[in-house]
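Chain by chain, the residues:
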Amino acid sequence: MLGLDRLGGFVRDLPGEVAELGDRLVDRHLRLAVTGLRRSGKTVFTTALVHHLLDGHDLAFVGAVHEGRYRGARLLPVRGPAFPYATFHRTLMADRPTWPDATDRLTVLKLELRFRTTGLVQRLMAPNGSLILEIIDYPGEWLLDLPLLEMDYPTFSETAAQRDRVEPRAAVAGEWRAALAGLSPTTTPAELVEVYRRYLGRVQNELGLSLVQPGRLVTAGADPATGFAPLPDAAPAELRRAMAARFETYKRQVVEPFYTDHFSRFDRQIVLVDLFHTLNRGRAHFADSRDALETILESFRYGTNSLLARLFRPSIEKLLFAASKADHVAANQHANLKQLLELMIAPARRKARFAGLETDVLALAALRATDTVRTEHQGQLLSCVRGRLADEGRETVLFPGEIPGDLPDDEDWRSGRFRFRDFEPRRLEPGVKGQHLRLDQAIEFLIGDKLR
Ligand SMILES: Nc1nc2c(ncn2[C@@H]2O[C@H](COP(=O)(O)OP(=O)(O)OP(=O)(O)O)[C@@H](O)[C@H]2O)c(=O)[nH]1
Ligand SMILES: [Mg+2]
C-alpha cells in the first residue's frame, strides 16, 4: 500500500524528483528530519540552525568551519509553502524579541551550503562542494498520527480506550464517557468526534499530556469532518462501520501522504526532547512523554543506507537525541540532563543501533536565553541562571533547581522539586558569540561528514 502510494508520489512530482535524484547520486542532497513532540523546540532549532549556517559564525565544532573551509549558505526556493525564516528571524532580532508561535502547517526549508572540499582527488575534480539541506517544519502533534498507519480501527479503538480509562486522563474524560454510555442508533459520527475533540483538547491543555490521537484533531484549524473517535465493540454496528471508514480515509488521505512525502525518505534525524516541561508536570506526564516518544520512533524505518535504498527509499543513517532548552538550568546540570535523556530513550536507541544507525545524545540550547552565574547564598556557592522570565518579563537571577542523573524516584516526584521556569528569548544578533549551547556539535554530528 505504502509502496504504491510512494510510487504515486514520485509520478506526481517527476521533474523535481528527477533533479533531486541527480543530487542524491553524488550525495549532495540531505534530508534532515527534525522530530519532537509539540513545543519541544523544532521551529526554534531550525531557525537557529539557519541563522548560524548562513555565515558559519560561532560554529567552532563544525569541522568545515573550524578548518576555514566553510563558505556560507543561502536559502533556496521551494515547491509549496516555505519555512518563514525571515519572519521568525525578524521577531527574534526585535528590541523585545518573541518566540515563534506554535506551528500549525507544514513548511519546507532548503538551504544550500558551500565549502571547500578535502582530499587530493576531490580538490582537483571539485574543489568547491555544495550540499543541499532540506528540513520540514510541522506541528508536533502530527507525528503522533504516524503509528496509526500500522493499526486497524479495532486496534486503535482498543488502545485508545485503555489509555482513556486510566488516570490522569480519566479525570477529564467525563463528558466523553457519558457520550459513549448514551450511544444510540441515531448518534452521528460527527457529534461523537466533536466530543472526543473536546476531550483530547483537555488532555493536551489541562493535563499537558503528549499522546493525543488523532493528532490533527487538536491543532488549530482542525476539521472534525475528517476526524474519528474510538468506539467499543458493543457500539451500534452502523456507527462503528461509519467511524472505521473515517479512520481509513484519514489514514489514506492525511497521514500516508505526510509519511510518504516527508518521513519515509530521510537521511538523518534529530529528536528533540523537552525534559523540563516533562519533569515539571510530574510522574504521569513523564511516563506519557516516554510512551509518546517511543510510539513515534517506532514509525521510522531505521536501516543501512545502501545505494539502491538511497535512490528509492533512503533510510535514516544517523540519529541524534537532544535534550532541548538546556539553558533552563546552570551549566553544571547539563551532564545530568544528557544522562536522564539517555535513560529515557534507551530502548529506542538500542533498536536504532541494532539497525546499524550511528546515534548520539547531547543537551543543547538552539537559542540560549540565559547565562550561568555563580552566587553565594548563606555561605554556599550556588550555580544560578540569569535571564528574563517569560511570565514576569523581568531580568532575574534564580536557582533553577537540579536535574536528577537518574530516573526520578518517588521522593523526587512527591517533593515537588521540579519547577523549571520559561524564559523570554534573547535578542538574536549577527556575529555575536554564545547565542547557543552545543548547536555546533549537533550540526557536526548530523551533517559534518557531508561537508568534506
Ligand atoms: N530557553 C530556551 N527556550 C526554548 C529554546 N527552544 C525553544 N524554547 C522554548 O520552547 C518553546 C517551543 O519551541 P518551538 O520551537 O516553537 O517548539 P516546536 O517543537 O516547534 O512546537 P510545535 O510547533 O508546537 O510542534 C518556545 O516558545 C520557547 O519558549 C531554547 O533553546 N532555549
Ligand atoms: Mg513549531
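Presented here is an overview of the structure given in this document. Please read all numbers here as calculations on a predicted model, not as lab measurements.

What counts and what doesn't
- Residues numbered from 1 in each chain as written.
- Chains lettered and ligands numbered in written order.
- Predicted model: local features only at pLDDT ≥ 70, side-chain atom pairs only at ≥ 80, totals over all residues.
- Heavy atoms only, no water.
- Pairing = 2+ DSSP bridges.
- Helix = DSSP H or I, 4+ residues; strand = E, 2+ residues; numbered from the N terminus.
- Axes fitted to C-alpha atoms, helices over the stretch in contact; angles between N-to-C directions.
- Donors = N, O, S within 2.8 Å, 3.2 Å for Na, K, Ca; no water.
- Buried < 20%, exposed > 50% of the residue type's maximum accessible area, 1.4 Å probe, protein only.
- Near = heavy atom within 4 Å.
- Polar contact = N/O pair within 3.5 Å; in protein donor to acceptor, adjacent residues only side chain to side chain.
- Areas by Shrake-Rupley, 256 points an atom, 1.4 Å probe, with all protein chains shown as cover.
- Nonpolar A, V, L, I, M, F, W, Y, C, P; charged D, E, K, R; others polar.
- Core = buried A, V, L, I, M, F, W, Y, C linked by side-chain atoms within 4.5 Å.
- Contact = heavy atoms within 4.5 Å.
- Salt bridge = Lys/Arg side-chain N within 4 Å of Asp/Glu carboxyl O.

## Quick word on the sheet that holds strand 9 (residues 380–388)
Thought 1: Taken in spatial order, the 3 strands make up an open sheet running 8-9-10, and their pairing is antiparallel. The sheet terminates laterally at strand 8 (371–377) and strand 10 (395–398), the two strands that pair on one side only. Between one strand and the next, the sheet's axes are offset by a mean angle of 35°, whatever the strand orientation.
Thought 2: Summarising the sheet, strand 8 and strand 9 pair through 7 bridges and their orientation is antiparallel. Its bridge partner being in strand 9, Thr-375 is matched across the sheet by Leu-382.

## Observations concerning the coordination of the magnesium ion (ligand 2)
Thought 1: Distances from the magnesium ion (ligand 2) to its protein donors, Thr-43 (OG1) and Thr-103 (OG1), fall within 2.1 Å. With Thr-43 in helix 3 (residues 42–55) and Thr-103 in the loop between helix 5 (85–93) and strand 3 (107–116), the pair connects residues that are 60 residues apart, well separated along the chain.
Thought 2: On the basis of relative accessibility, which here comes to 10%, the residue Thr-43 falls in the buried class.

## Describing helix 3
Thought 1: Most of helix 3 is tucked away, with 12 of its 14 residues classed as buried.
Thought 2: Looking one or two residues beyond helix 3, the residue adopting positive phi is Gly-56, at roughly 70°.

## As for the site of ligand 1
Thought 1: Contacts to ligand 1 come from 20 residues, most closely from Lys-42, Thr-43, Val-44, Gly-140 and Lys-325.
Thought 2: Between ligand 1 and Val-44, the relevant distance is 2.8 Å, taken from an oxygen atom to a main-chain nitrogen or oxygen of the residue.
Thought 3: At 2.7 Å, a backbone N or O of Gly-140 approaches an oxygen atom of ligand 1.
Thought 4: Relative to its free-state accessible area of 660 Å², ligand 1 is covered by the protein chains to the extent of 95%.
Thought 5: Residue classes in the shell around ligand 1 are distributed as 9 nonpolar, 6 polar and 5 charged.

## Structural notes on the nonpolar core
Thought 1: Counting 81 residues, the largest nonpolar core has Phe-263, Leu-275 and Phe-321 as the members making the most contacts within it.
Thought 2: Here the element with the most residues in this core is helix 10 (residues 237–263); it accounts for 8 residues.
Thought 3: When residues no more than four places from it in sequence are discounted, the contact partners of Phe-263 are Ala-33, Thr-35, Ile-136, Tyr-138, Leu-143, Leu-146, Phe-258 and Phe-300.
Thought 4: Core analysis: the next-biggest nonpolar cluster, separate from the first, contains 41 residues, Leu-30, Leu-32, Leu-53 and Leu-111 among them.

## Re the pattern of salt bridges
Side-chain pairs of opposite charge can arise where the charged atoms are in close proximity.
Thought 1: Under the definition given, this model contains 33 salt bridges.
Thought 2: Linking Lys-251 and Glu-248 is a salt bridge whose minimum nitrogen-to-oxygen distance equals 3.7 Å. Taken together, the positions of Lys-251 and Glu-248, both in helix 10 and 3 residues apart, correspond to about one turn of that helix.
Thought 3: On the basis of relative accessibility, which here comes to 33%, the residue Glu-248 falls in the partly exposed class.
Thought 4: Of the charged contacts, one joins Arg-417 and Asp-412 as a salt bridge, the two residues approaching to 2.7 Å between their closest N and O atoms.

Geometric descriptors of this kind do not, in isolation, establish any biological role.
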